[in-house]
Amino acid sequence: MSENNHFPKDFIWGAATAAYQIEGAWNEDGKGESNWDRFSHTPGKILEGHTGDVACDHYHRYPEDIELMKHLGLAAYRFSTSWARILPEGRGKVNQKGLDFYSRLVDGLLEADIMPFATLYHWDLPQALEDEGGWTVRSTAEAFAEYAEAISKHLGDRIKSWATLNEPACSAWLGHLLGIDAPGIKDINKALLASHHLLLAHGLAVPLLRKNAPKAEVGIVLNTSWAEAASNSRADLDDARKGDGLWGRWFIDPVFGRGYPQDVVRDVIAQGAKPDFMDCVKPGDLATISAPLDFIGINYYTRNLHRAAEEGNEPQERFRAEKSPENFSELEWEKYADGLHFLLTRVAFEYQPRKIYVTENGASYSIGPDEDGRVHDKYRVSYYRDHVAAMQRTLAAGVPLAGYFAWSLLDNFEWRSGYTQRFGIVWVDFETQERTLKDSALYYRNVIKKNALVEEIEQ
Ligand code: IFM
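Residues numbered from 1 in each chain as written. Predicted model: local features only at pLDDT ≥ 70, side-chain atom pairs only at ≥ 80, totals over all residues. Heavy atoms only, no water.

Asker: Would you take a moment to explain the overall build of the chain for this structure?
Answerer: If you tally the helices and strands in the chain, you get 15 helices and 12 strands. Taken against the 2.2 N^0.38 rule, which gives 23 Å for 459 residues, the C-alpha radius of gyration of the chain at 21 Å falls within 12% of a compact globule. If one aligns the C-alpha atoms of the chain with their principal axes, the spans along those axes are about 60 × 60 × 45 Å. Within the chain, residue pairs in contact and separated by at least 24 positions form 76% of the contacts whose partners lie at least 6 positions apart. (Helix = DSSP H or I, 4+ residues; strand = E, 2+ residues; numbered from the N terminus. Rg over C-alpha atoms; globule rule 2.2 N^0.38 Å. Contact = heavy atoms within 4.5 Å.)

Printed below as a string of structure tokens:
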């Protein structure tokens, strides 16, 4: 890192999205139903009854979106592919029209000199597989291998970078333990089965991606948390250890060959998991899961501050910043850029990945166009500024950080919050599908152009 705030020459600046959140066209051109289609169509599951049926209509408007990316100067675009678009039944017959869509998208990106970074699974499972037990059954991991084979055979080295899963912790815990995401199950034993089968799916896909795309890099995207205790009380410290274990180490440890953390095994049994739940881990699974990777993607938004609900444990939110829109986004997620630095440093030095990308980072603010049609999202600008600065400290510490992806390119379907939360650097009018660059997009464009931490927005 040079003294004048510049990033390394080959640092990759990108933006990210996910299939269900932007594509729409939920039942077009032979696409099968996904568990998120089913979930969002179920009354009461999503705020204001929103669905991803149309979303940003990116399925039809991708050329316009590529133009936007070009205008921003993005070097890379991270998107996910919809499994149910490729294999409507989850396995078996391949839907050529689904493959063709991703082919057109990737060719358009390459023509625009934007590197395609693909993620195979960003939470939308074909409903046909969900009906067979979804991630709670081993056969879903095997079906994922079939999907990885089909898509990588088709797109292979045209994709520079393949990630298997996005945030398996969310699929497992939000979808099967808390039940707030698809498929809406609340069962610790099913959640644990799901977590193992997700990781197994990742491990089974890695050699197939390597075979079909020998020049591409292969990795996984995790939302390994940055957990902090709200006080030095024993209860808070233990709560932070538990959160770190369940959300972070349960996934990153096996991927890096350390197996499942035993303290978490004890924690979940204490919470009601069957003592024999680890029987789903068959001989050879841990070796499959720990196949060497080229990179790890880290999604970071905020720290998790742990305060145990224990008698006598007085609330001590002493590390909390003042509650203001500058410090907290509309999801009440705290802006805490140091957490990104601490987390990346920890992952780098503890797990020694070859390379790290920040695969998602951003903040939800709903500020929209003013009477001149401008979107002055100053809190988001400040969020990005602080996190870009945190990456400079991280690079200076010797972390092999190779790129950064803003979440998200577009305002989009924010899962259970529907369209009520906006993470885009580009405003989307969901009535007209008009796109407007926000100030944060102009700020980010300037960062990219200068390849440096900048203070100002370039108009
Ligand atoms: O929108 C999500 C994304 O799909 C996964 N990571 C977190 C984002 C913000 O909630």
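Asker: Can you help me understand the pairing of strand S10 (residues 401–407) in this one?
Answerer: Residues in a regular strand project their side chains so that they alternate between the two faces of the sheet. With 7 of 7 residues buried, S10 is to be regarded as a mostly interior element. Of the strand pairs in this sheet, strand S1 (residues 12–16) and S10 are connected by 5 bridges, and their pairing is parallel. Its bridge partner being in S10, Gly-14 is matched across the sheet by Phe-405. By the bridge criterion, 3 bridges tie strand S9 (residues 356–360) to S10 in an arrangement that is parallel. Directly across from Tyr-357, in S10, lies its bridge partner Gly-403. (Buried < 20%, exposed > 50% of the residue type's maximum accessible area, 1.4 Å probe, protein only. Pairing = 2+ DSSP bridges.)

Asker: Please explain the environment of Asn-451 as it appears in this structure.
Answerer: Note that Asn-451 resides in the segment after helix H15 (439–450). Placed 81 residues apart in sequence, Asn-451 and Asp-370 show a C-alpha to C-alpha distance of 30 Å. In contact with Asn-451, other than residues within four places in its own chain, are Asn-5, His-6, Phe-7, Pro-8, Lys-9, Phe-11 and Trp-13. A polar side-chain atom of Asn-451 sits 2.9 Å from a polar atom in the side chain of Trp-13. (Polar contact = N/O pair within 3.5 Å; in protein donor to acceptor, adjacent residues only side chain to side chain.)

Asker: Explanation requested: the packing of helix H8 (residues 168–176) against helix H10 (residues 234–255) in the structure shown.
Answerer: The geometry of a pair of packed helices is captured by two quantities: the angle between their axes and the separation between those axes. Running from N to C, H8 and H10 point in directions that differ by 130 degrees, and their axes come no closer than 10 Å. By the criterion of interaxial angle, the relationship of H8 to H10 is oblique. Note that H8 runs across H10; the crossing there is right-handed. Residues Pro-168, Ala-169, Cys-170, Ala-172, Trp-173 and Leu-174 of H8 touch H10, and the partners they reach there are Leu-246, Trp-247, Trp-250 and Phe-251. The class makeup of the residues in the contact of H8 with H10 is 10 nonpolar, no polar and no charged. (Axes fitted to C-alpha atoms, helices over the stretch in contact; angles between N-to-C directions. Parallel < 35°, antiparallel > 145°, perpendicular 65-115°, else oblique. Left-handed = near helix turned anticlockwise from the far one by under 90°. Nonpolar A, V, L, I, M, F, W, Y, C, P; charged D, E, K, R; others polar.)

Asker: Would you mind going over the site of the ligand with me for this structure?
Answerer: Lining the immediate environment of the ligand, one finds Gln-21, His-122, Trp-123, Asn-166, Glu-167, Tyr-301, Trp-333, Glu-360, Trp-407, Glu-414, Trp-415 and Phe-423. Measuring from an oxygen atom of the ligand, one finds a side-chain N or O atom of Glu-414 at 2.6 Å. Measuring from an oxygen atom of the ligand, one finds a side-chain N or O atom of Trp-415 at 2.8 Å. In the complex, the protein chains occlude 95% of the 280 Å² of accessible area that the ligand would expose alone. Classifying every residue of the shell around the ligand gives 6 nonpolar, 3 polar and 3 charged. (Near = heavy atom within 4 Å. Areas by Shrake-Rupley, 256 points an atom, 1.4 Å probe, with all protein chains shown as cover.)

Asker: Please explain the packing of helix H14 (residues 378–396) against H15 as it appears in this structure.
Answerer: Two elements in contact, H14 and H15, have axes whose closest approach is 8 Å; the angle formed by their N-to-C orientations is 25 degrees. One element, H14, and the other, H15, form an angle in the roughly parallel class. Viewed along their axes, H14 and H15 form a crossing whose handedness is right-handed. Residues Arg-380, Val-381, Tyr-384, Arg-385 and Val-388 of H14 form the contact with H15, whose own contacting residues are Asp-439, Ser-440, Tyr-443 and Val-447. Broken down by class, the residue content of the contact of H14 with H15 amounts to 5 nonpolar, 1 polar and 3 charged.

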